[in-house]
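Structure at a glance
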Amino acid sequence: QLRIMCMKKGTMLNEVFDRLNAGLQVVESIDGIDFATSSQYGYVTSCPSNLGTGMRASVHIKLPNLTKDGTDKKAKKVASPLGLSVRGTGGEHTPI
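What this report covers is the structure whose coordinates are included nearby. Predicted model only: the values in this text are computed from it and were never measured. (Residues numbered from 1 in each chain as written. Predicted model: local features only at pLDDT ≥ 70, side-chain atom pairs only at ≥ 80, totals over all residues. Heavy atoms only, no water.)

Structural notes on the environment of Thr 53
We apply this condition: Numbering of helices and strands runs from the N terminus; a helix is a DSSP stretch of H or I covering at least four residues, while a strand is a stretch of E covering at least two.
Relative to the helices and strands, Thr 53 is located in the loop between strand E2 (42-43) and helix H2 (64-67). Along the backbone, Thr 53 and Tyr 43 are 10 residues apart, and their C-alpha atoms lie at a distance of 5.7 Å.

Right, dumping it as C-alpha cells:
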C-alpha cells in the first residue's frame, strides 16, 4: 500500500489533481513497482470505497455560522441531505 496526498489552499482543484497525477506517473514508472489491479475493478485497495481509481478527493471549508455553538449538529443537518460528511478543519478525527 502506498498513500500519496496532494494538498493546496485555494479553489483551483484541477491544479491539485494535475500535480497529483504527475507525481503518480513518476511513481508508476519506477521499475519494480507494481500495484494490485483488476481488469474488472481497476486498482485494488484496502478500502472498498476507493476501489477503481484508488483516488479520494476532499474539500475542506470552514462554515463558522454552522458551528458557532461549538458543535457540528447544524453542519451535519445541512450536509446530510446533500450526501456530504462533516469533519474537523484538519480532516478526519480533528475537532471542528
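There's plenty left to go through after this.
A closer look at the packing of aromatic side chains
In plain terms, the rule: Note on aromatic contacts: the rings of Phe and Tyr and the six-membered ring of Trp form a pair at centre separations within 6.5 Å, being stacked when their planes are under 30 degrees apart, edge-to-face when over 60 apart, and tilted otherwise. Each residue is placed in one exposure class: buried if its accessible area under a 1.4 Å probe, protein chains only, is under 20% of its type's maximum, exposed if it is over 50%, and partly exposed if it falls in between.
Inspection of the entire model under this criterion finds one aromatic pair. Taken together, a centroid distance of 6.4 Å and an interplanar angle of 75 degrees make the contact between Phe 35 and Tyr 43 edge-to-face. Under the relative-accessibility criterion, Tyr 43 is labelled partly exposed at 31%.

Focus: helix H1 (residues 13-28)
Every α-helix carries 3.6 residues per turn, so stepping three or four residues along brings you back to the same face. Cut-off, in case you're wondering: Helices are assigned an expected span. That span is 1.5 Å times one less than the residue count. The directions considered for the arc are those from the helix axis to the C-beta atoms.
Between the first and last C-alpha of H1 there are 22 Å, a value that for 16 residues agrees with the 22 Å anticipated at 1.5 Å per step. Every buried residue of H1 is listed here: Val 16, Leu 20 and Val 27. For H1, the arc enclosing every buried residue in end-on projection is 25 degrees, short of the 170-degree limit, so these residues lie on one face.

Thoughts on the pattern of salt bridges
For the record, the criterion: Take a side-chain nitrogen of Lys or Arg and a carboxyl oxygen of Asp or Glu: if they are within 4 Å of each other, that pair is a salt bridge.
Within this structure, the stated rule accounts for two salt bridges. Glu 15 is the partner of Lys 8 in a salt bridge, and the nearest nitrogen-oxygen pair spans 2.2 Å. Asp 72 serves as the salt-bridge partner of Lys 76, at 3.5 Å between the closest nitrogen and oxygen. Since its relative accessible area comes to 43%, Lys 76 is described here as partly exposed.

Comments concerning a nonpolar patch on the surface
Quick note on the threshold: Residues with no salt bridge and a relative accessible area higher than 30% make up the patches, which join like charges within 9 Å and nonpolar side chains (Val, Leu, Ile, Met, Phe, Trp, Tyr) within 5 Å. A 1.4 Å probe and the Shrake-Rupley method give the accessible areas. Residues count as covered only by the protein chains that appear here.
On the surface, Leu 2, Ile 4, Ile 30, Ile 33, Phe 35 and Tyr 43 cluster together to form a nonpolar patch covering roughly 480 Å² of accessible area. With respect to the secondary-structure elements, Ile 4 resides in the segment before H1. Ile 4 sits in the partly exposed class, given a relative accessible area of 37%.

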